[in-house]
Amino acid sequence: MEELRNIPFGKPVMGEPEQAAVLQVMAGGILVHGPKTEEFEQSFAAWTGAPHAVAVSSCTAGMHLVYFALGIGAGDEVIVPAQTHAATAHAVELAGARAVFVDAENATGNIDVDAIAAAVTPRTRAIAVVHYLGVPVDMETVNAVARHHGLLVVEDCALAVGTRIGGQHAGLSGDVGCFSFYPVKHMTTAEGGIVLTRDAALAQKLKLLRAFGVDRHMGQRATPGEYDVVALGFNYRMSEIEAAIGIEQVKRLDGFLARRRANYRVLRAALARLKSVELFSTDGGESESAYCLSMLLPEELAERRKDTIASLKAQGVGTSIYYPRPVPAMTYYREKYGTRPGDFPVAERISRCSIALPVGPHLAEDDMSYIAAAIERSLAQLG
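So, how was this worked out
Residues numbered from 1 in each chain as written. Predicted model: local features only at pLDDT ≥ 70, side-chain atom pairs only at ≥ 80, totals over all residues. Heavy atoms only, no water. Helix = DSSP H or I, 4+ residues; strand = E, 2+ residues; numbered from the N terminus. Rg over C-alpha atoms; globule rule 2.2 N^0.38 Å. Buried < 20%, exposed > 50% of the residue type's maximum accessible area, 1.4 Å probe, protein only. Pairing = 2+ DSSP bridges. Axes fitted to C-alpha atoms, helices over the stretch in contact; angles between N-to-C directions. Contact = heavy atoms within 4.5 Å. Polar contact = N/O pair within 3.5 Å; in protein donor to acceptor, adjacent residues only side chain to side chain. Phe/Tyr/Trp six-rings, centres within 6.5 Å; stacked < 30°, edge-to-face > 60°. Lys NZ or Arg CZ within 6 Å of the ring centre and 35° of its normal. Core = buried A, V, L, I, M, F, W, Y, C linked by side-chain atoms within 4.5 Å. Right-handed = clockwise from strand over helix to strand, strands pointing away. Expected span 1.5 Å × (residues − 1). Arc of directions from axis to C-beta.

**Student:** When you look at the overall build of the protein in this model, what are you seeing that I'm missing?
**Tutor:** If you tally the helices and strands in the protein, you get 13 helices and twelve strands. Relative to the globule expectation of 21 Å for 383 residues, the C-alpha radius of gyration of the protein, 21 Å, shows essentially globular dimensions. For the protein, the spread of C-alpha atoms along the three principal axes comes to 70 × 55 × 40 Å. Going through the 383 residues of the protein one by one, you find that 54% of them count as buried.

**Student:** Is there a simple way to explain the sheet that holds strand β2 (residues 77-81) in this structure?
**Tutor:** Hydrogen bonding along the main chain pairs the strands of a sheet, whether they run parallel or antiparallel. Taken in spatial order, the seven strands make up an open sheet running β1-β9-β8-β5-β4-β2-β3, and their pairing is mixed. At either margin of the open sheet sits one strand with a lone partner, and together these are β1 (52-56) and β3 (98-102). Recorded for the sheet is a direction-independent mean angle of 25° between the axes of neighbouring strands. Pairing analysis gives five bridges linking strand β4 (residues 124-130) to strand β5 (residues 152-156), with the strands arranged parallel. Residue pairing for β5: alanine 126 is matched across the bridge by leucine 152. This element, helix α2 (residues 35-48), spans β1, β8 (176-180) and β9 (193-197) of the sheet and lies at about 130° to β1. Strands in contact with helix α7 (residues 200-209) are β1, β8 and β9; relative to β1, the strand with the most contacts, it is inclined by about 15°.

**Student:** Got a minute to help me understand the side chain of threonine 88 in this structure?
**Tutor:** Assignment of secondary structure puts threonine 88 in helix α4 (residues 86-94). Residue classification places threonine 88 among the buried residues on the basis of a relative accessible area of 1%. Of note is the side chain of threonine 88, whose polar atom sits 2.7 Å from the side chain of aspartate 156. For threonine 88, the residues in contact, after removing those within four places along its chain, are Met63, Val80, Pro81, Ala128, Val130 and Asp156.

**Student:** For this particular structure, what's the right way to read the packing of aromatic side chains?
**Tutor:** Where two aromatic rings form a pair, the distance of their centres and the angle of their planes describe that pair. Evaluation of the coordinates by the stated rule reveals 16 aromatic pairs. Centre to centre, the rings of tyrosine 132 and phenylalanine 280 are 5.8 Å apart; their planes meet at 90°, and the pair counts as edge-to-face. Residue tyrosine 132 is found in the loop between β4 and α6 (139-149), and its partner phenylalanine 280 is found in the loop between β10 (278-279) and β11 (293-296); the two are separated by 148 residues along the sequence. The class of tyrosine 132 is buried, set by a relative accessible area of 1%. Of the residues examined, phenylalanine 280 reaches a relative accessible area of 4% and is grouped as buried. Seen in terms of ring centroids, tyrosine 332 and tyrosine 333 are 4.7 Å apart; in terms of plane orientation they differ by 85°. Their pairing is edge-to-face. For tyrosine 332, a relative accessible area of 45% gives the class partly exposed. Tyrosine 333 sits in the buried class, given a relative accessible area of 1%. Aromatic rings pair up to connect Phe9, Tyr132, Phe280, Tyr322 and Tyr323 into one cluster. Sitting above the plane of the tryptophan 47 ring, arginine 164 keeps its charged end 5.8 Å from the centroid.

**Student:** What's the story with helix α12 (residues 345-353) in this structure? I'm lost.
**Tutor:** For an α-helix, the turn length of 3.6 residues means that residues three or four places apart are oriented alike. Counting buried positions along α12 gives seven out of nine residues, so the element sits mostly inside the fold. Along α12, the residues classified as buried are Val346, Ala347, Glu348, Arg349, Ile350, Ser351 and Cys353. On its buried face, α12 is in contact with β10, β11, α9 (299-302), α10 (305-314) and β12 (354-357).

**Student:** Please explain the nonpolar core as it appears in this structure.
**Tutor:** It is characteristic of soluble globular proteins that their nonpolar side chains tend to be buried jointly. Counting residues in hydrophobic clusters, the biggest one holds 54 residues, and the most contacted among them are Tyr67, Val78, Val80, Phe101, Leu206 and Tyr322. Sort the elements by how many residues they give to this core and helix α3 (residues 59-69) lands first, with seven residues. Setting aside residues no more than four positions away along its own chain, valine 80 makes contact with Thr88, Ala89, Val92, Ala99, Val100, Phe101, Val102, Ile111 and Ala128.

**Student:** Would you explain the pairing of β3 in this entry?
**Tutor:** The side chains of a regular strand alternate between the sheet's two faces. Of all five residues in β3, four are buried, a share of seventy percent or more. Sheet topology places β2 next to β3; five bridges connect them, and they run parallel. Paired with valine 78 across the two strands is alanine 99, which belongs to β3. With α4 bridging β2 and the parallel β3, this β-α-β connection has right-handed handedness.

**Student:** Teacher, can you tell me more about the sheet that holds β12 here?
**Tutor:** Taking strand neighbours across the sheet as the criterion, the three strands line up as β10-β11-β12 in an open arrangement whose pairing is antiparallel. Because the sheet does not close on itself, it has two edges, and the strands there are β10 and β12. Relative to β12, β11 runs antiparallel, the two sharing four bridges. Note on β12: the bridge partner recorded for serine 294 is alanine 356. Relative to β11, helix α8 (residues 240-272) is tilted by about 10°, and along the sheet it contacts β10, β11 and β12.

**Student:** For this particular structure, what's the right way to read the environment of glycine 171?
**Tutor:** Take glycine 171: it is sitting in the loop between β7 (168-169) and β8. Remark: the alpha-carbon pair of glycine 171 and glutamine 315, spanning 144 residues in sequence, is separated by 38 Å. Discounting chain neighbours no more than four positions away, the residues touching glycine 171 are Glu155, Cys157, Val176, Gly177, Phe179 and Leu196.

**Student:** Just to check I follow, could you spell out helix α1 (residues 16-28) for this structure?
**Tutor:** Across its 13 residues, α1 extends 18 Å between first and last C-alpha, which sits within 8% of the 18 Å expected from 1.5 Å per residue. Listed in full, the buried residues belonging to α1 are Glu18, Ala21, Val22 and Val25. Summarising the axial view, the buried residues of α1 lie within an arc of 95°, below the 170-degree limit, and thus occupy one face. Along α1, the residues that are exposed and aim more than 90 degrees away from the buried face are Glu16, Gln19, Leu23 and Ala27. With its phi angle positive at about 90°, glycine 29 sits one or two positions after the end of α1.

Quick look at the structure:
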């Protein structure tokens with residue numbers, strides 16, 4: 001066995017440019033409502049090809065803000081994937097609406113688009129889709145259902161920086177797209193998120209509501225402290241420090257994605273030779289995933305997933321799980337909606353059997369070979 005390595009699941013890649021940008025903001029004294037936030041919005045919009053971008057404090061805040069701005073609330077329903085992070089459903093619940101869950105599809109872990117229409121009721125106002133592991137959802141089918149029923153489409157793109165659908169960046173196929181810049185994502189602002197939209201009026205409304213509904217921020221006030229509140233809003237702003245980091249990260253994003261893509265392909269090719277694991281479908285045609293990687297253990301090994309993870313950890317390989325159980329099986333949602341085991345069989349299988357593996361730009365291709373060998377050893381020990 002080769003020398004033990006330390007391979008964390010995720011690690012932000014930052015250096016002197018980000019440090020210098022943060023120090024510049026600190027020296028300037030403007031920590032919110034400043035030029036860096038606007039510059040970051042413009043740079044991310046330009047990189048994705050979006051007409052409008054609104055920076056927010058997190059992806060969750062962005063989704064909640066979107067539902068609030070669109071008037072979705074009590075008495076309304078939003079269709080949500082069962083296989084996602086709780087935040088996707090939380091945003092619906094926080095708006096006062098009801099999350100209606102739809103199972104995943106086997107091939108990708110994405111929402112089963114063929115089951116969406118059956119979940120639509122007279123109360124349905126929107127469809128939330130998640131590009132699970134950055135793999136593109138079939139947006140053509142989703143949008144067809146939305147148009148037929150007059151519904152909005154919200155894309156949760158927390159893992160989809162770099163995902164493209166028919167040559168178009170994720171987040172631009174529906175009405176809005178919400179992104180996460182949490183430290184282990186494709187790029188980071190330390191914490192934070194952004195909302196993309198083609199709707200200029202919605203973008204302006206989101207900017208108003210992310211800052212209490214105040215009609216003008218400090219830099220726009222002729223008299224200090226003089227402003228009006230014209231709408232009910234939140235404190236969902238991104239700080240200037242976060243935005244400064246984001247500006248530098250966008251400059252490096254093409255390189256991050258190239259490294260992630262190369263790592264992904266090496267590890268996927270190595271794992272494809274193992275008969276004991278299953279891999280999700282990724283991209284095809286004009287679509288491209290954002291290159292996150294999970295493997296699925298066979299059912300007979302699923303109960304020993306903890307042992308597999310522990311074995312990999314002992315070999316220096318960090319892992320994660322996307323996600324430990326379907327959202328409707330989480331205690332809050334199970335108790336509120338009375339869901340039971342077997343209600344979402346595909347999502348349950350993915351949650352029970354999957355292990356997410358590190359392929360980020362903090363690693364090199366030879367690390368992928370090490371990870372594959374470690375997995376093979378772990379499975380042999382458990383077999």
